[in-house]
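Fold and geometry: a report
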Amino acid sequence: GENVEQHPSTLSVQEGDSAVIKCTYSDSASNYFPWYKQELGKRPQLIIDIRSNVGEKKDQRIAVTLNKTAKHFSLHITETQPEDSAVYFCAARSYSGNTPLVFGKGTRLSVIA
Amino acid sequence: GAVVSQHPSWVICKSGTSVKIECRSLDFQATTMFWYRQFPKQSLMLMATSNEGSKATYEQGVEKDKFLINHASLTLSTLTVTSAHPEDSSFYICSARDSGMADTQYFGPGTRLTVL
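Residues numbered from 1 in each chain as written. Chains lettered and ligands numbered in written order. Predicted model: local features only at pLDDT ≥ 70, side-chain atom pairs only at ≥ 80, totals over all residues. Heavy atoms only, no water.

This part is about the overall build of chain A. Assigned secondary structure in chain A consists of 0 helices and 11 strands. In chain A, the succession of helices and strands from N to C terminus is β-β-β-β-β-β-β-β-β-β-β. Since a compact globule built from 113 residues should have a radius of gyration of about 13 Å, the 14 Å found for chain A is in line with a globular shape. In terms of its C-alpha atoms, chain A occupies a principal-axis envelope of roughly 45 × 30 × 20 Å. Expressed as a percentage of the 113 residues in chain A, the buried residues total 42%. (Helix = DSSP H or I, 4+ residues; strand = E, 2+ residues; numbered from the N terminus. Rg over C-alpha atoms; globule rule 2.2 N^0.38 Å. Buried < 20%, exposed > 50% of the residue type's maximum accessible area, 1.4 Å probe, protein only.)

Another aspect to go through is the pattern of salt bridges. Residue and element names in this part refer to chain A. Tallied over the entire structure, the rule returns 7 salt bridges over all chains. In this structure, Asp 49 engages Arg 51 in a salt bridge whose closest nitrogen and oxygen atoms are separated by 3.8 Å. Put simply, Arg 61 and Asp 84 hold a salt bridge, and the shortest N to O gap is 2.9 Å. In this pair, Arg 61 is assigned in the loop between β6 (56–59) and β7 (62–67) and Asp 84 in the loop between β8 (72–77) and β9 (86–92), connecting sequence segments 23 residues apart. The buried category is assigned to Asp 84, whose relative accessible area is 6%. (Salt bridge = Lys/Arg side-chain N within 4 Å of Asp/Glu carboxyl O.)

Okay, structure coming up:
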């Protein structure tokens, strides 16, 4: 089955700097890669996703890149703000029936004002 | 965006009792719902996949007789923790996939279960 590795587990950046979180996956059949943001005690919120027919996707300060050959994808947050502080999870799934998302272990991002 | 509700948001129960958690998709139909468990500062661990009108598919190591799942309609799935013990205390989160948008998966707000 799919296995998703996520790094780093914790990340501290100064406000205004960029943050990058990287994930690798094992199943070459995976073709959907979402990123979720989870604040303490709250539900994971989808912030961006990318499908395997696209190499990069951007939404304001957030971007995701995908390298299918290397089986890795990354989340980039630019101009970080204190409210970006949260735990971020990457996930992967192959689009086949009811296949569930497989999550990475998460990255705790702290943006220091 | 799509909304998934979960009830109750928190529950405290005595050891040996059963607790039922409901997960509803409010504005879309969900053929498939997923139940996750999350321990503090850890990732989401998939427990089971709930399919409307059929039996749930449990992940390895998850006792199906202890965690009963029912998905009776396209908008409701329930998880019942039977004979709960303190080690069952956790944050349980459901997730639903919009049948009309096969990729996107939305999460409920979670239920914090504390077993005394």
